[in-house]
Protein chains: 2
Amino acid sequence: MSLLTVGTLAFDDIKTPFGHAEKVIGGACTYISWSSSYFTKDINLVSIIGNDFPKSELDALEARGVDLSGLEVKADGKTFFWAGEYHDNMNQRDTITTDLNVLDDFNPILPASFKSSDYVMLGNLTPAIQAQVLDQLEGNVKLIALDTMNFWMDIAMDELKAVIKRVDVLTINDEEARQLTGEYSLVSAAEAIHKMGPKYLIIKKGEHGALLFHEGKMFYAPALPLAKVVDPTGAGDTFAGGFMGYLAKTDDMSFENMKRAVIYGSTMASFCVEEFSLSKLKVLNEGMIEERAKQFQDLVNFTLK
Amino acid sequence: MSLLTVGTLAFDDIKTPFGHAEKVIGGACTYISWSSSYFTKDINLVSIIGNDFPKSELDALEARGVDLSGLEVKADGKTFFWAGEYHDNMNQRDTITTDLNVLDDFNPILPASFKSSDYVMLGNLTPAIQAQVLDQLEGNVKLIALDTMNFWMDIAMDELKAVIKRVDVLTINDEEARQLTGEYSLVSAAEAIHKMGPKYLIIKKGEHGALLFHEGKMFYAPALPLAKVVDPTGAGDTFAGGFMGYLAKTDDMSFENMKRAVIYGSTMASFCVEEFSLSKLKVLNEGMIEERAKQFQDLVNFTLK
């Protein structure tokens, strides 16, 4: 099945307690696309870059099955740039710089062949732009997932709620779920979010795992405790890519399969954080992914007498 | 099998976003003993109280199978008192008042019949007092578990490390594991803690669950997402009580059974937080506990294709 991936391609400058990665490749759509490419080879990318984004990176994406005909290249612009710093607690970070650059003019136009994509993953962007993508979809999209962040809740809550209403899956973190609903309990927050539209809610908790909520059912996927965590940047997008890539591959929306999709999302995210940028995501194979997914099963498996 | 429980009996004053409980029953040993009493009726309690602790509470403990012959009652003293306030994020709290009262003179003397207890749970106390209990043990204790907190790492690290060296199971939270070892990764922290002595390490992560580490093996027990979380006070002690109570009941230290013990500890903690003080812990029965343990299994259960 085809998967439409929408979001940023970017340069990142990242400081963590373990090092400093200067002007490396980043962006939500980059992570989503790389991650999902291990599950499906029919990926339709919609994004925007300037004249400074390396051709080798685009070639690498194409080699993974990513159709770049929805990628706008601004010849007179610079690619979106983000600089951030993580502190001892790698669940928290400060943004040092955000240079929107070409992102300021992002006006996504879907190529005709993209409009009937089976699965849609909207990476974190201005809610109005996410809505603009939805407006262009035709045919029977099977599942639309949307990622967002607290920033849009602060400055554009109404637009955000309007676009959330139109999607099937919302992925946000625990603090954002609380901010969006005013509910402290994640169970209560999930009920409130289902009423806003999405049938499925995924609450991402970073090193504490992820929760899937659907029709009163809950599933908890742990994060795999790792000996080495170098850089959490992109982990949430990598999760989303693995999740949607697995669904596009299996085309099965039973709750049992959605749980597997969450595990594969978590599996991909566990690789992502082991190196800066896309370094680890670029060198995986099916065997490594299956072996690690099995580790998630061993981690939580128990029997009651 | 018999279980020795050592720690505070206390009065608590607790403010949470959901209410204010004034001068209610608290204390690590209280929570540990109540929780473990659902698994074993052979509990040896060692603690100290003043002249103000309600006789009805002691009677209730005795009715649960708790032997109070190791409880010192200071006729001229007042019971330990703690006042705390939780903020919106209930994983964090401020201590408002700590009145040690009789705890200042706590000099635990084990009755002869307690010295050969099969299982030992040392609740959070001054490391020197925890060591004093260990000095009095005779015979073949099967498993000793110790709980502690960052406060002792700040002011008595050497004494703490000396007592940690003598126990089989250490239970601490994630930030404390990092503080104790200087390792950010919990996997690396676990390796460092195993080298300090304990063969088993349980890292408690509050609403994010608990991790069990043993000989290179890991097990992740989620916390059950709850619609209602009223008061997290005592959840860690309740976990420890359920964990050790289940081990005392089953007398089986295989890793598979230790995993079940972690699940039963988590199960008991999930009840604890639903009401202030011991309110919920006092009204449970085996059916409720089994039903909730099953919910933990449903929460994490998945199959890979």
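Residues numbered from 1 in each chain as written. Chains lettered and ligands numbered in written order. Predicted model: local features only at pLDDT ≥ 70, side-chain atom pairs only at ≥ 80, totals over all residues.

Side note on the overall build of chain A
Condition: Think of it this way: any DSSP run of H or I at least four residues long counts as a helix, any run of E at least two long counts as a strand, and we number them from the N terminus. Both definitions apply: the radius of gyration is a C-alpha atom measure, and the globule rule equals 2.2 Å times residues to the power 0.38. With C-beta atoms placed from the backbone, a residue is buried if 20 or more other C-beta atoms are within 10 Å of its own, exposed if 12 or fewer are, and partly exposed between those counts. Remark: residues whose backbone-derived C-beta atoms lie within 7 Å of one another are considered to be in contact.
Helix and strand counts for chain A stand at ten helices and 13 strands. Relative to the 2.2 N^0.38 estimate, which gives 19 Å for 305 residues, the radius of gyration of chain A is 18 Å and therefore close to what a compact globule would have. Projected onto its principal axes, the C-alpha positions of chain A cover 65 × 45 × 35 Å. Split into buried and exposed, the 305 residues of chain A put 50% on the buried side. The long-range share in chain A, meaning contacts at least 24 apart out of those at least 6 apart in sequence, stands at 69%.

Regarding the relation of the copies chain A and chain B
Keep this limit in mind: Alignment of copies: least-squares fit on C-alpha atoms of residues with pLDDT of at least 70 in both copies.
Superposition of chain A onto chain B requires a rotation of 180° combined with a translation of 0.0 Å along the rotation axis, giving an RMSD of 0.0 Å. Here the two chains are linked by the operation of a two-fold rotation axis. Relative to the rotation axis, the C-alpha of His 208 of chain A is the closest in chain A, positioned 2.9 Å from it. In this assembly, 100% of the residues forming the interface of chain A have copies in chain B that are likewise at the interface, indicating an isologous arrangement.

Some remarks on the packing of helix α1 (residues 28–36) of chain B against helix α8 (residues 235–250) of chain B
All names here are of chain B. Note the threshold: The convention used is that axes are lines fitted to C-alpha atoms, helices contributing only their stretch in contact, and that angles between N-to-C directions extend from 0 to 180 degrees. Note that the term roughly parallel is reserved for angles under 35 degrees, roughly antiparallel for angles over 145, roughly perpendicular for angles of 65 to 115, and oblique for everything else. Each crossing is labelled by how the near helix is turned from the far one, with a counterclockwise turn of less than a right angle marking it left-handed and a clockwise turn marking it right-handed.
Two numbers describe how α1 lies on α8: the axes approach to 7 Å, and their chain directions differ by 40°. Classified by the interaxial angle, the pair formed by α1 and α8 is oblique. In the crossing of α1 with α8, the sense of the turn from one axis to the other is right-handed. Where α1 abuts α8, its residues Ala 28, Tyr 31, Ile 32, Ser 33, Trp 34, Ser 35 and Ser 36 lie against Asp 237, Thr 238, Ala 240, Gly 241, Gly 242, Met 244, Gly 245 and Ala 248.

Focus on the interface of chain A and chain B
What counts here: Classification used: nonpolar for Ala, Val, Leu, Ile, Met, Phe, Trp, Tyr, Cys and Pro, charged for Asp, Glu, Lys and Arg, polar for all others including Gly.
With 30 residues of chain A at the interface, the matching set in chain B holds 30 residues. When residues in the side of chain A that touches chain B are grouped by element, the largest group, five residues, is from helix α10 (residues 286–300) of chain A. Split by residue class, the side of chain A that touches chain B holds 19 nonpolar, four polar and seven charged.

So, helix α6 (residues 174–181) of chain A
Residues and elements named next belong to chain A. Of all the positions in α6, only Asp 174, Glu 176, Ala 177, Arg 178 and Leu 180 are classed as buried. Looking at the buried positions of α6, the neighbouring elements they touch are α4 (150–155), β10 (169–173), α7 (186–196) and β11 (200–204). After α6 finishes, the residue Gly 182 shows a positive phi value of roughly 75°.

Points about the sheet that holds strand β6 (residues 81–86) of chain A
All names here are of chain A. Here is the rule: Strand pairing is assigned whenever DSSP detects at least two bridges linking the two strands.
Across the sheet, four strands lie side by side as β3-β2-β6-β7; this open sheet has mixed pairing. The sheet terminates laterally at β3 (19–26) and β7 (93–99), the two strands that pair on one side only. Direction aside, neighbouring strands of the sheet carry axes that sit 15° apart on average. Bridge analysis of strand β2 (residues 10–16) against β6 gives five bridges, and the strand direction is parallel.

Some thoughts on the environment of Ala 128 of chain B
With respect to the element layout, Ala 128 of chain B can be found in helix α3 (residues 127–136). Separated by 87 residues in the primary sequence, Ala 128 of chain B and Lys 41 of chain B have C-alpha atoms spaced 29 Å apart.

As for the sheet that holds strand β11 (residues 200–204) of chain B
Residues and elements named next belong to chain B. In spatial order, the strands read β5-β4-β1-β8-β9-β10-β11-β12-β13; together these nine strands make up an open sheet with mixed pairing. Bordering the open sheet on either side are β5 (66–73) and β13 (217–221), each of which pairs with just one other strand. Direction aside, the axes of adjacent strands within the sheet are offset by 15° on average. Pairing of strand β9 (residues 143–147) with strand β10 (residues 169–173), which is carried by three bridges, proceeds in the parallel orientation. Counterpart to Asp 147 in the pairing with β10 is Thr 171. Across the sheet, helix α2 (residues 55–63) touches β4 (43–49) and β5, and the angle it forms with β5 is around 150°. Packed onto the sheet, helix α6 (residues 174–181) meets β10 and β11 and runs at close to 110° relative to β10.

Regarding the pairing of strand β6 (residues 80–86) of chain B
Residue and element names in this part refer to chain B. Relative to β6, strand β2 (residues 10–16) runs parallel, the two being bridged by six bridges. Residue pairing for β6: Asp 13 is matched across the bridge by Ala 83. Here six bridges tie β6 to strand β7 (residues 93–99), and the two strands are oriented antiparallel to one another. From the neighbouring strand, Tyr 86 faces β7, where its bridge partner is Arg 93.

Focus on the pairing of β2 of chain B
Residues and elements named next belong to chain B. The element β2 is largely enclosed, with a buried count of five among its seven residues. As paired strands, β2 and strand β3 (residues 19–26) are joined by six bridges and run antiparallel to one another. What sits directly across from Asp 12, in β3, is Val 24. With antiparallel pairing between neighbouring strands as the criterion, β2 and β3 make up a hairpin whose turn holds two residues.

Let's talk about the confidence of the model for chain A
Detail in the predicted coordinates should be disregarded across regions flagged by low pLDDT. How we decide: On a scale of 0 to 100, pLDDT captures the predictor's confidence in every residue.
When pLDDT is averaged along chain A, the result is 96; 100% of the residues meet or exceed 70. Scored by ipTM, the complex comes to 0.92, with pTM at 0.94.

As for unusual backbone geometry
In this structure, Glu 215 of chain A is a non-glycine residue whose phi angle is positive, near 45°. Secondary-structure assignment places Glu 215 of chain A in the loop between β12 (210–214) and β13 (217–221). Residue classification places Glu 215 of chain A among the exposed positions, given that 8 C-beta atoms sit within 10 Å. Its identity as a non-glycine residue notwithstanding, Asp 251 of chain B has a phi of 50°, on the positive side. Counting through the fold element by element, Asp 251 of chain B comes out in the loop between α8 and α9 (255–272).

What about the environment of Phe 80 of chain B?
Residues and elements named next belong to chain B. Among the structural elements, Phe 80 can be located in strand β6. With 25 C-beta atoms counted inside 10 Å, the residue Phe 80 sits in the buried group. The residues touching Phe 80, leaving out its near neighbours within four places in the chain, are Thr 8, Ala 10, Gly 27, Asp 99, Leu 100, Asn 101, Val 102 and Leu 103.

Some words on helix α9 (residues 255–272) of chain A
Convention followed: Expected span of a helix: the number of residues minus one, times 1.5 Å.
In a regular helix each residue adds 1.5 Å, so 18 residues correspond to 26 Å; α9 of chain A covers 26 Å between its end C-alpha atoms and thus fits that length. With respect to burial, α9 of chain A is a largely interior element, 15 of its 18 residues being buried.

Comments concerning the environment of Gln 92 of chain B
Residue and element names in this part refer to chain B. Tracing the backbone shows Gln 92 in the loop between β6 and β7. Exposure remark for Gln 92: the 11 C-beta atoms within 10 Å place this residue in the exposed category. Sequence separation of Gln 92 and Gly 242 is 150 residues, and the distance between their C-alpha atoms is 23 Å.

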